Amino acid sequence: MAGGDECSFLWYNTLVFSEKLKILKENRLFREIKDRESPQGPRIKFAGKEYLNFSSNDYLGLATHPSIIDKVKRSLDDYGYGSAASRLLSGGSILHKELEDKIAKFKDTDAALIFNSGYAANTGIIPIITDEQTALFSDELNHASIIDGCRMSKAEVLIYRHKDLSYLEELIRKKIAKRKVVITDTIFSMNGDISPLNDIYGICKKNNALLYLDDAHGTGVLGNGKGALSHFNIHPEPWIIQMGTLSKAIGSVGAFVAGSSDVIEWILNNARSFVFSTALPSCVIAASTAALEIIEKDSDLIKKLWENRKKIVQGIKDIGYDIMGSESPIIPIRTGTVENTLRISQYLYDKRIYAPAIRPPTVKEPRIRITVTASHTNEDIERLINVLKDMRASK
Ligand SMILES: Cc1ncc(COP(=O)(O)O)c(C=O)c1O
């Protein structure tokens, strides 16, 4: 291509993006990053000002726990900070293996494998546990990383209405396929409701389907921290694959998959996001292991989380807001329009409370997503409720 043509080509593309951005801004769907000037926690700092933080998935407040920080510092001395290669190429450390053994024990499975993130786990695993002869049944409100994993799979993907069990049962019964897989979040990340796993387990068993669970928000929160299966008293069968993240209640970064030895070895050998990606640094792994140790020893943190949740939910309901079926520390407030959602989020922000507006395409229906943690104090919760009350009155 001649120099001039190349220039006009680039100019054309730039114009396309600026036009697209203009449309996003006109529709009030443009997003920007707020750069935090403090550690994660119930109080955070933006542009020199402190805000009460109701946006974090650090449900147990472990992202800044002093004894975890000590262990991370020690691991830095022992292993340095970079990991230099994928684990199959020598990038991992003995700490990775120790964490996997711990997770397998915690989840009561044969084995576990660490991924660099929940997104990497879902997009890496789903395509390689399915094939052209698989029918994959996915809840319509599953996380974006599951949706993308399904898109990358060669399976036929059938989306079932959110938690609609009779619909799922009918779909799965009628579908003729050599292999069937049901995929669901355990706690749905934007609605905060819990998947009816007892029934889904029964449907899978009856129809000989594999069950893949994304326990990102259930791990550390449900079942004394062990996650959704434990919450429902379901034994982790070999035909159940449990994925979860280390980035939420565990307060670190990364994800895991837990299941039978064969499944884990298959994933280790085939998941492209595992095989072709540099391992997480040992200090990050040390943080996850230390967090799991705390969760195992100290049930008070989880108790406090659920007590705080109860207080917030009561307060929000008393004001008259609709919490969209929340059953967990994720508490959305139905806000109707994008305009109203942005108005409420800004009102809270002006009162030094950070609770972000969630808009399409993240969700179909806009909302304020409040998350509560074990680190919030009674005063923090009261302040949120009072501000929400004042806002309702001033409407
Ligand atoms: C249900 C669910 N699955 C997967 C992920 C992705 O996890 P990560 O942030 O570790 O990539 C998230 C997090 O945002 C999530 O909410």
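Residue numbers run consecutively from 1 along every chain, following the written order of its sequence. Where totals are concerned, whole chains, interfaces and linings use all residues; where local detail is concerned, this predicted model gives features only for residues with pLDDT of at least 70, and gives and counts side-chain atom pairs only at 80 or more. Note: side-chain values were computed over all heavy atoms of the structure, leaving out hydrogens and water.

**A few points about the nonpolar core**
And step 1. Counting residues in each nonpolar core, the largest one holds 58 residues, and the members touching the most others are Leu-60, Leu-62, Ile-68, Phe-137 and Val-182.
And step 2. Only DSSP runs of H or I with at least four residues qualify as helices, and only runs of E with at least two residues qualify as strands; both kinds are numbered from the N terminus onward. The element contributing the most residues to this core is helix H11 (residues 282-297), with 10 residues.
And step 3. Domain extents, as shown, originate in an automatic or database domain assignment. Each of domain 1 (32-54 + 299-394) and domain 2 (65-297) gives at least three residues to this core.
And step 4. Contacts between residues were defined by any pair of non-hydrogen atoms, one from each residue, lying within 4.5 Å. Non-local contacts of Val-182, meaning those with residues more than four positions away in its chain, are made with Phe-137, Tyr-160, Leu-168, Ile-172, Ile-200, Cys-204, Ala-209, Leu-210, Leu-211 and Tyr-212.
And step 5. Of all hydrophobic cores here, the second largest spans 25 residues; its members include Ala-111, Cys-150, Tyr-212 and Ile-241. Think of a nonpolar core as a cluster: buried Ala, Val, Leu, Ile, Met, Phe, Trp, Tyr and Cys residues, connected wherever their side-chain atoms sit within 4.5 Å. Only protein chains enter the area calculation, which uses a 1.4 Å probe; residues under 20% of their type maximum are buried, those over 50% are exposed, and those in between are partly exposed.

**Quick look at the domain arrangement of the protein**
And step 1. Per the domain assignment, the segments making up the protein are domain 1 (32-54 + 299-394) and domain 2 (65-297).
And step 2. Using only C-alpha atoms to locate each centre, domain 1 and domain 2 end up separated by 27 Å.
And step 3. Every contact between the two is made by 20 residues of domain 1 and, on the other side, 19 residues of domain 2.
And step 4. The contact between domain 1 and domain 2 buries some 1200 Å² in all, and 59% of this surface belongs to carbon and sulfur atoms.
And step 5. What counts as a salt bridge is simple: a side-chain nitrogen of Lys or Arg found within 4 Å of a carboxyl oxygen of Asp or Glu. Across the salt bridge formed by Glu-327 and Lys-163, the nearest N and O atoms sit 3.7 Å from each other.
And step 6. In protein, a polar contact requires one atom able to donate a hydrogen and another able to accept it; more generally it is a pair of N or O atoms within 3.5 Å, and residues adjacent in sequence count only if both atoms are side-chain atoms. Linking domain 1 with domain 2 are 7 residue pairs in polar contact (both at pLDDT 80 or more), by the criterion used here.
And step 7. Every element with two or more residues in the side of domain 1 that touches domain 2 is listed here: helix H12 (300-319), strand E10 (330-334) and strand E13 (367-371).
And step 8. The leading source of residues in the side of domain 1 that touches domain 2 is H12, at 4 residues. Using a 1.4 Å probe, buried area is obtained as the accessible area two parts lose upon being combined, added over both of them.

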